[in-house]
Amino acid sequence: MTGLRAFAGRLIAALLLVPFLPPGIVAGQDTGAAVTVLTSFPAAFYEPVREAFEAAHPDWRLRVVNTKTTAAISQLQERSDGGVDVFWASAPDAFEVLKAAKRLEPVAPPPTGAPPTVGNQPINDPDGAYLGFALSGYGVLWNQRYLDRHTLPTPKRWEDLRRPVYARHLGITAPSRSGTMHLMVETVLQMQGWERGWATWLEIAGNLATVTARSYGVVDGIAKGRFGVGLSIDFLGQSAGSEEDDLRFAYPADSLFLPASVALLRGAPNPDGARAFIDFLLSPAGQALLVRPDIQRLPVRPDAYAAAPPGYPDPYRTETGDDLFLFDRALSGARYELVNLLFDELVTFRVKTLNRVWQLIHEGEARLHALYGSASHEPVAADLLRAARAAATAVPVSTTEAADPAFSMALRRPARGLPVSSRQAELEAAWRAFSQQRLDEALALAERALIILRVASGEGVWP
């Protein structure tokens, strides 16, 4: 019986991987003239690139397999013989995960005229495991009509999204479902430090209206007015609409640009075709495609911006946050699944509770300030609110654990239908219990503080 269960498990795993394989490979067709690319980019982007590549290289056909970045990483980790030649995505930390798993074959970069860095961020992997073909900025997308209707200010920094004025007006996607959202989460964790960064995200989470299934859900929700503000990668935000239909996108003052990259997979069935595709992306013709109005990406070639329309963002001429900050791709790659799993347990599965907790904390802090200003004339309520905030922003993984690759080594997003490891199951259960306990504690503390402040303001009596 044990052997039968093991065979069944292997059979299920194999069948689950079949949709990941391109149709020609599954059917056993001749794929000698095909270059197979695995990407999270939308068809509106990759179809023009496909047409231009095939026109420039009539001997090759580009076969695109489209999936989320997080799912692509899992699939490429599970199968080293999946029939894919090229991985093509926005998030550099996703490439670091595959680099650490020895799934990438180094490629010599063709000359582009690009500097080694943008701000302080390397454009290419120093070891040549992956190459930047475009630059990506991450920022805030909003619906101006929605903001006007609710008298909301335009956010300027990530920190602004913590403000209670945005309660239930924000939308994001989960980093476990979006490589770009993962990059935004990780950037704040690195810029602010592990504990302070999580405090920022947990307070932002108190203002969420929803967590969408994909990045496109954020853009769609804002466009339809289901919520007013969201986080987005620049090419989605800038191509989503225009001032005429009230959609706006802006880079926060503390933003930065990171490379969207392309890599040759180790063991690729068509390495020559893969290299031809990578060379095309970085050629003048390939880079010129990026500034098309229907694509709106940021080329790595500085000379490509000469053909861009007036007002087109140029990362080489745009001031960002701290130019001394260096995004640690290796650290991000090592704890990729840790951050995703933690975010789900602390935020994605807790939105309604977080809404209530932060509503009470913010109300209590506003009342305390209105009654006493900067003076602490009600020390009990002030202490209760400080304790509530500490409980609501606590994280069950220490800074030391988060920086230790061994701690995250056992964490993996499994193929659908297959169980996680016992170690991962234990950690997820512990984090779930921790989150529930701390939020219950924060709720009780904030409620006690509000009772004191309401009595102090003459709105009630002691219960």
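Residues numbered from 1 in each chain as written. Predicted model: local features only at pLDDT ≥ 70, side-chain atom pairs only at ≥ 80, totals over all residues. Heavy atoms only, no water.

Trainee: Looking at this structure, I do not really get the overall build of the protein chain. What am I missing?
Mentor: Helix and strand counts for the protein chain stand at 19 helices and 13 strands. Considering the protein chain as a whole, with its 463 residues, one finds that 53% of them fall into the buried category. When contacts within the protein chain are restricted to residue pairs at least 6 apart in sequence, those whose partners lie at least 24 apart make up 77%. Surface summary for the protein chain: the accessible area is close to 19,800 Å², and the carbon and sulfur share equals 55%. (Helix = DSSP H or I, 4+ residues; strand = E, 2+ residues; numbered from the N terminus. Buried < 20%, exposed > 50% of the residue type's maximum accessible area, 1.4 Å probe, protein only. Contact = heavy atoms within 4.5 Å. Areas by Shrake-Rupley, 256 points an atom, 1.4 Å probe, with all protein chains shown as cover.)

Trainee: Looking at this structure, how should I read the packing of helix H15 (residues 351–372) against helix H19 (residues 422–456)?
Mentor: How two helices sit against one another is set out by the angle between their axes and by the gap between those axes. At a minimum axis distance of 9 Å, the contact between H15 and H19 shows a crossing angle of 30°. As far as their axial angle goes, H19 and H15 are roughly parallel. Relative to H19, H15 is oriented so that their crossing is left-handed. Two secondary-structure elements touch here, H15 through Thr353, Leu354, Arg356, Val357, Leu360, Ile361, Glu363, Gly364, Arg367, Leu368, Leu371 and Tyr372 and H19 through Leu439, Ala442, Leu443, Ala446, Glu447, Leu450, Leu453, Arg454 and Ala456. When its residues are assigned to classes, the contact of H15 with H19 shows 14 nonpolar, two polar and five charged. (Axes fitted to C-alpha atoms, helices over the stretch in contact; angles between N-to-C directions. Parallel < 35°, antiparallel > 145°, perpendicular 65-115°, else oblique. Left-handed = near helix turned anticlockwise from the far one by under 90°. Nonpolar A, V, L, I, M, F, W, Y, C, P; charged D, E, K, R; others polar.)

Trainee: How should the side chain of threonine 39 be read in this particular structure?
Mentor: Along the chain, threonine 39 falls in strand S1 (residues 34–39). Here threonine 39 falls in the buried class, since its relative accessible area comes to 1%. A distance of 2.7 Å separates the side chain of threonine 39 from the backbone oxygen of tryptophan 88, its partner in a polar contact. Excluding residues within four positions of it along the chain, threonine 39 makes contact with Tyr46, Val64, Val65, Asn66, Thr67 and Trp88. (Polar contact = N/O pair within 3.5 Å; in protein donor to acceptor, adjacent residues only side chain to side chain.)

Trainee: Please explain the nonpolar core as it appears in this structure.
Mentor: For soluble globular proteins, the rule of thumb is that nonpolar side chains tend to be buried together. Counting 136 residues, the largest nonpolar core has Phe87, Trp88, Phe133, Trp194 and Phe277 as its most contacted members. A per-element tally of this core places H19 first, with 10 residues. (Core = buried A, V, L, I, M, F, W, Y, C linked by side-chain atoms within 4.5 Å.)

Trainee: How should I be thinking about the packing of aromatic side chains in this particular structure?
Mentor: What describes a pair of aromatic rings is the distance from one ring centre to the other and the angle between the planes of the rings. Evaluated as defined, the whole model comprises 18 aromatic pairs. Seen in terms of ring centroids, phenylalanine 87 and phenylalanine 95 are 4.8 Å apart; in terms of plane orientation they differ by 45°. Their pairing is tilted. The burial state of phenylalanine 87 is the same as that of phenylalanine 95; both residues are buried. Pairing phenylalanine 249 with tyrosine 251 gives two aromatic rings, centres 5.3 Å apart and planes at 85°, and the pair type is edge-to-face. The class for tyrosine 251 is partly exposed, based on a relative accessible area of 23%. Site record: aromatic cluster; members linked through ring pairs are Phe41, Phe45, Phe53, Trp88, Phe133, Phe277 and Phe280. Between arginine 297 and the ring centre of phenylalanine 45, over which it is positioned, the NZ or CZ distance is 5.6 Å. (Phe/Tyr/Trp six-rings, centres within 6.5 Å; stacked < 30°, edge-to-face > 60°. Lys NZ or Arg CZ within 6 Å of the ring centre and 35° of its normal.)

Trainee: For this particular structure, what's the right way to read the confidence of the model for the protein chain?
Mentor: Detailed conclusions should not be drawn from predicted coordinates in areas where pLDDT is low. This prediction gives the protein chain a mean pLDDT of 88; 88% of its residues lie at or above 70. Confidence, read as mean pLDDT per element, is least for helix H2 (residues 23–26) in the protein chain (38) and greatest for helix H8 (residues 194–205) (98). Below pLDDT 50 for its whole length, residues 1–32 participates in 30 contacts with residues either more than four positions away or in separate chains. (pLDDT = per-residue confidence, 0-100.)

Trainee: Help me understand the pairing of strand S12 (residues 257–265), please; the structure alone is not making it clear to me.
Mentor: Consecutive residues of a regular strand have side chains that alternate between opposite faces of the sheet. Across the nine residues that make up S12, a large majority, nine, are buried. Of the strand pairs in this sheet, strand S3 (residues 86–89) and S12 are connected by four bridges, and their pairing is antiparallel. Each bridged residue has a counterpart across the sheet, and for phenylalanine 87 the counterpart in S12 is alanine 263. Summarising the sheet, strand S4 (residues 104–105) and S12 pair through two bridges and their orientation is antiparallel. (Pairing = 2+ DSSP bridges.)

Trainee: It is not clear to me how the pattern of salt bridges should be interpreted in this structure. Could you clarify?
Mentor: Any two side chains of opposite charge can pair, so long as their charged atoms come close to each other. Summed over the entire model, instances satisfying the criterion amount to 22 salt bridges. Between lysine 224 and aspartate 220 there is a salt bridge; the shortest N-O distance is 3.3 Å. Between aspartate 272 and arginine 275 there is a salt bridge, with the nearest N and O atoms lying 4.0 Å from each other. Here the residue aspartate 272 and the residue arginine 275 both occupy positions in helix H11 (residues 271–282), the gap between them amounting to three residues, near one helical turn. According to the relative accessible area criterion, aspartate 272 is exposed, its value standing at 55%. Exposure remark for arginine 275: the relative accessible area of 35% places this residue in the partly exposed category. Within the structure, one salt-bridge network assembled from shared partners comprises Glu159, Arg162, Arg196, Glu203, Glu365 and Arg389. (Salt bridge = Lys/Arg side-chain N within 4 Å of Asp/Glu carboxyl O.)

Trainee: Can you walk me through the side chain of threonine 173 in this structure?
Mentor: Relative to the helices and strands, threonine 173 is located in strand S8 (residues 170–173). When residues no more than four places from it in sequence are discounted, the contact partners of threonine 173 are Ser178, Met181, Val211, Thr212, Ala213, Arg214, Ser215 and Val218.

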